[in-house]
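# Breakdown of the fold
Chain by chain, the residues:
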Amino acid sequence: MKRVLSGIQPTSDSFHLGNYLGAVKQWVELQDGHDAFYCIVDLHALTVETDPALLRKRTLASAAQLLALGISPEKSTLFVQSQVPQHNQLGWIMECMTGFGEASRMTQFKDKSSKAGADSARVGLFTYPMLQAADILLYQAHYVPVGEDQRQHIELTRDLAGRFNSRYGNTFQLPEAYILKTAAKINDIQEPTAKMSKSSGAVAGVIEIMDTPEANLKKIKSAMTDAGREVKYDVAEKPGISNLLTIHSALSGKSIADLENEFEGKGYGDFKSAVAEVVVEYLRPIRAKAVELLEDEEHLLDILHQGSEKARSVAQQTIDATYKNLGVVL
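Computed from a predicted model, the values in this text were never measured in an experiment. (Residues numbered from 1 in each chain as written. Predicted model: local features only at pLDDT ≥ 70, side-chain atom pairs only at ≥ 80, totals over all residues. Heavy atoms only, no water.)

This model, assessed by the stated rule, comprises 12 salt bridges. In this structure, Asp-35 and Arg-3 form a salt bridge, with 2.9 Å as the shortest nitrogen-oxygen distance. On the criterion of sequence distance, the pair formed by Asp-35 in strand β2 (residues 35–40) and Arg-3 in strand β1 (residues 3–8) is long-range, its members being 32 residues apart. The exposure class assigned to Asp-35 is buried, which follows from its relative accessible area of 18%. Assessed through its relative accessible area of 17%, Arg-3 is described here as buried. Residue Arg-56 is joined to Glu-297 by a salt bridge in which the shortest nitrogen-to-oxygen separation is 2.9 Å. Pair noted here: Arg-56 is in helix α2 (residues 52–68) and Glu-297 is in helix α12 (residues 297–326), with a separation of 241 residues, a long-range link. On the basis of relative accessibility, which here comes to 46%, the residue Arg-56 falls in the partly exposed class. Assessed through its relative accessible area of 32%, Glu-297 is described here as partly exposed. In the salt-bridge network here, residues are joined through shared partners; they are Asp-13, Lys-57 and Arg-58. (Salt bridge = Lys/Arg side-chain N within 4 Å of Asp/Glu carboxyl O. Helix = DSSP H or I, 4+ residues; strand = E, 2+ residues; numbered from the N terminus. Buried < 20%, exposed > 50% of the residue type's maximum accessible area, 1.4 Å probe, protein only.)

What follows is the structure, encoded as structure tokens:
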């Protein structure tokens, strides 16, 4: 089977609906028919100021949510990045393969350092893409499920793999970006022209997996709507209603056309109540399963340790081949 590899940072207490519909739902689907490796990339989270207790809590919360959302330890290898030291080993080699100018052109570093100022940016933020390349190449991944905004990182990974292969012999599989479908792009329910994201700082517009049903019910009933009363999909004229239609459709499985017909002649209040019910009932068992996993930390850690053991076994094969081809004494 072709191997897929993707990761998610443990940077919050809860994933949001955009994380799930935009990425994790498709990770779950890719488990069937692929050799799937999914990683909680806690080392990447160290590029900003870190609270140790919070990092540990969020790493476990991320694992619990991935399992509750459908990532199966029987079908996939789920592990924590820091438990596989080979990531750091290959990360250093990738840094040594990357030109300074090449690294400087990476958009994520440019964007984040320009906001905070270059002097306050961590060196780890600058070298982040090389560690990300190592994350992928370590497992000889054929496909990397990512959003369009991550395409540049995959191109860098392919460049570094090709460069190494041409200089030192065929060592790495050249990965391909598996660009996730954008059909279920979810926007902020208070700022419906902006992507749902916790980095915006406004929690009122973010539907969180681990929020209580009551909290999400209140958020959706307070969602921003548009002029008029017609429940119609029109991103330009009705971004708020269009976003809610997308959410309902993605979770209920009903087409947007069917939903428009269902709510023809009804007001926004009825429609938002229906969206709230769909979201709350969809997320209720997921949240309950995640809470159950977090309450049995020993079992959760056991799942992660088993995944990390398998990941280390695969990763070591790549390190051995890389070191041998480089001339490092084994």
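Alright, that's what it looks like, and here's the rest.
Split by domain assignment, the chain resolves into domain 1 (3–184 + 297–326) and domain 2 (203–290). Relative to domain 2, the C-alpha centre of domain 1 lies at a distance of 32 Å. Taken together, the contact between domain 1 and domain 2 spans 14 residues of the former and 14 residues of the latter. Here domain 1 and domain 2 share an interface that buries about 1,100 Å² over both sides, 77% of which is from carbon and sulfur atoms. Of all residues in domain 1, the largest losses of buried area upon contact with domain 2 belong to Ser-14, Leu-17 and Ala-68, amounting jointly to 41% of the total for that side. Connecting domain 1 to domain 2 are 0 salt bridges. The tally of links from domain 1 across to domain 2 stands at 5 residue pairs in polar contact (both at pLDDT 80 or more). Breaking the side of domain 1 that touches domain 2 down by element, the ones donating at least two residues are α1 (17–30) and α2. Here the element with the most residues in the side of domain 1 that touches domain 2 is α1; it accounts for 4 residues. Taken together, the residues of the side of domain 1 that touches domain 2 break down into 9 nonpolar, 3 polar and 2 charged. (Domains from an automatic or database assignment. Contact = heavy atoms within 4.5 Å. Buried area = accessible area lost by both parts, 1.4 Å probe. Polar contact = N/O pair within 3.5 Å; in protein donor to acceptor, adjacent residues only side chain to side chain. Nonpolar A, V, L, I, M, F, W, Y, C, P; charged D, E, K, R; others polar.)

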